[in-house]
Amino acid sequence: TFQDALAIWRQVDARRDMAAMLMELGWVETLAGNYDLAEKYFQEATQVSPPLIVDPSLKEKHGRLLLRRALAAPNESQRSRWLDKAESVLQEGVDIAGSRERQLYAALCLAALMRVADLRDDEGAVGARAAQLRALEAQRYEFNWAYAEMEETLGHRAFRRARQADGQFVAEAFDNATDPYL
């Protein structure tokens, strides 16, 4: 199990491997809806990871946890706080990925940042993130998932705006219970 592997990596003080196991445990807890425990794992993964080795995938998964927390927040103040944290962590992921030429993780973090902007109903930021993703797409073609997510976000925005223009209420476009990547 991840716990067994983590225990072994702790015994030999393999910090990079400890961080990887902690990240995986954090993602498992995120998917299980145990957000406080997931946050604990992601924080510890960041702390034990050697400074020059922090993986952009850690930032991407941690950012997606924070997005889920924003969606589950009981009020707008808490939702805004979680979105701020998600934006910060995901931007760190973009920066780390860019500095290490890990464009896939830059694209994944940008797609998640686009979701943050969408949840804030910030059309300018949605467009800016889409432009950044399209620029990456021009460089490489392996990022089908991230681009599909970008197109999905843009499609949800268009649908929601059209329905709202007709005076109809539209429920939240992204349901964290059915979206495994959020």
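To keep things clear, this report deals only with the structure shown in the data block. No experiment lies behind these values; they were computed from the predicted model shown.

1. Digging into the overall build of the protein chain
Okay, step 1: Along its length, the protein chain carries eight helices and zero strands.
Okay, step 2: For the protein chain, the sequential pattern of α-helices and β-strands runs α-α-α-α-α-α-α-α.
Okay, step 3: Split into buried and exposed, the 182 residues of the protein chain put 45% on the buried side.
Okay, step 4: When the accessible surface of the protein chain is totalled, it reaches about 9400 Å², and 52% of it is carbon and sulfur.

2. Quick look at helix 2 (residues 15–31)
Okay, step 1: Look at helix 2: 24 Å from first C-alpha to last across 17 residues, which is about the 24 Å you get at 1.5 Å a residue.
Okay, step 2: Turning to helix 2, its buried residues number three or more, namely Met18, Ala19, Met21, Leu22, Met23, Leu25, Gly26, Trp27, Glu29 and Thr30.
Okay, step 3: Against the buried residues of helix 2 lie helix 1 (2–11), helix 3 (35–48) and helix 4 (56–72).

3. Topic: the nonpolar core
Okay, step 1: Leu67, Leu83, Ala86, Leu90, Leu110, Val116 and Leu133 are the most contacted members of the largest nonpolar core, which has 27 residues in total.
Okay, step 2: Mapped by element, the contributors of at least two residues to this core are helix 4, helix 5 (76–99), helix 6 (103–119) and helix 7 (123–139).
Okay, step 3: Counting residues per element, this core draws most heavily on helix 6, which supplies 11 residues.
Okay, step 4: When sequence neighbours within four positions are dropped, the list of residues in contact with alanine 86 reads Gly63, Leu66, Leu67 and Val116.
Okay, step 5: Among the nonpolar cores identified, the runner-up in size contains 18 residues, and Met21, Phe42, Ala45 and Val54 belong to it.

4. Remarks on the packing of helix 3 against helix 4
Okay, step 1: Where helix 3 meets helix 4, the closest approach of the two axes is 10 Å, and the angle between their N-to-C directions is 155°. Considered as vectors, helix 3 and helix 4 are oriented roughly antiparallel to each other. The chirality of how helix 3 crosses helix 4 is left-handed. From helix 3, Tyr35, Asp36, Ala38, Glu39, Phe42, Gln43, Ala45 and Thr46 reach across to helix 4, where they touch Leu58, Lys59, Lys61, His62, Leu65, Leu66, Arg68, Arg69 and Ala72.
Okay, step 2: Tallied by class, residues from the contact of helix 3 with helix 4 come to eight nonpolar, three polar and six charged.

5. A short note on the packing of aromatic side chains
Okay, step 1: In total, this model carries zero aromatic pairs according to the counting rule given.
Okay, step 2: Cation over ring: lysine 40 sits above tyrosine 41, and NZ or CZ is 5.4 Å from the ring centre.

6. A closer look at the packing of helix 2 against helix 4
Okay, step 1: Relative to each other, helix 2 and helix 4 sit at 20°, their axes nearing to 10 Å. Between helix 2 and helix 4, the interaxial angle falls into the category roughly parallel. Here helix 2 runs over helix 4; the crossing is left-handed. Contacts between helix 2 and helix 4 involve Met23, Glu24, Trp27, Thr30 and Leu31 from the first element and Ser57, Leu58, Lys61, Arg64, Leu65 and Arg68 from the second.
Okay, step 2: For the contact of helix 2 with helix 4, the class distribution of residues is five nonpolar, two polar and four charged.

Rules and cut-offs
Residues numbered from 1 in each chain as written. Predicted model: local features only at pLDDT ≥ 70, side-chain atom pairs only at ≥ 80, totals over all residues. Heavy atoms only, no water. Helix = DSSP H or I, 4+ residues; strand = E, 2+ residues; numbered from the N terminus. Buried < 20%, exposed > 50% of the residue type's maximum accessible area, 1.4 Å probe, protein only. Areas by Shrake-Rupley, 256 points an atom, 1.4 Å probe, with all protein chains shown as cover. Expected span 1.5 Å × (residues − 1). Contact = heavy atoms within 4.5 Å. Core = buried A, V, L, I, M, F, W, Y, C linked by side-chain atoms within 4.5 Å. Axes fitted to C-alpha atoms, helices over the stretch in contact; angles between N-to-C directions. Parallel < 35°, antiparallel > 145°, perpendicular 65-115°, else oblique. Left-handed = near helix turned anticlockwise from the far one by under 90°. Nonpolar A, V, L, I, M, F, W, Y, C, P; charged D, E, K, R; others polar. Phe/Tyr/Trp six-rings, centres within 6.5 Å; stacked < 30°, edge-to-face > 60°. Lys NZ or Arg CZ within 6 Å of the ring centre and 35° of its normal.

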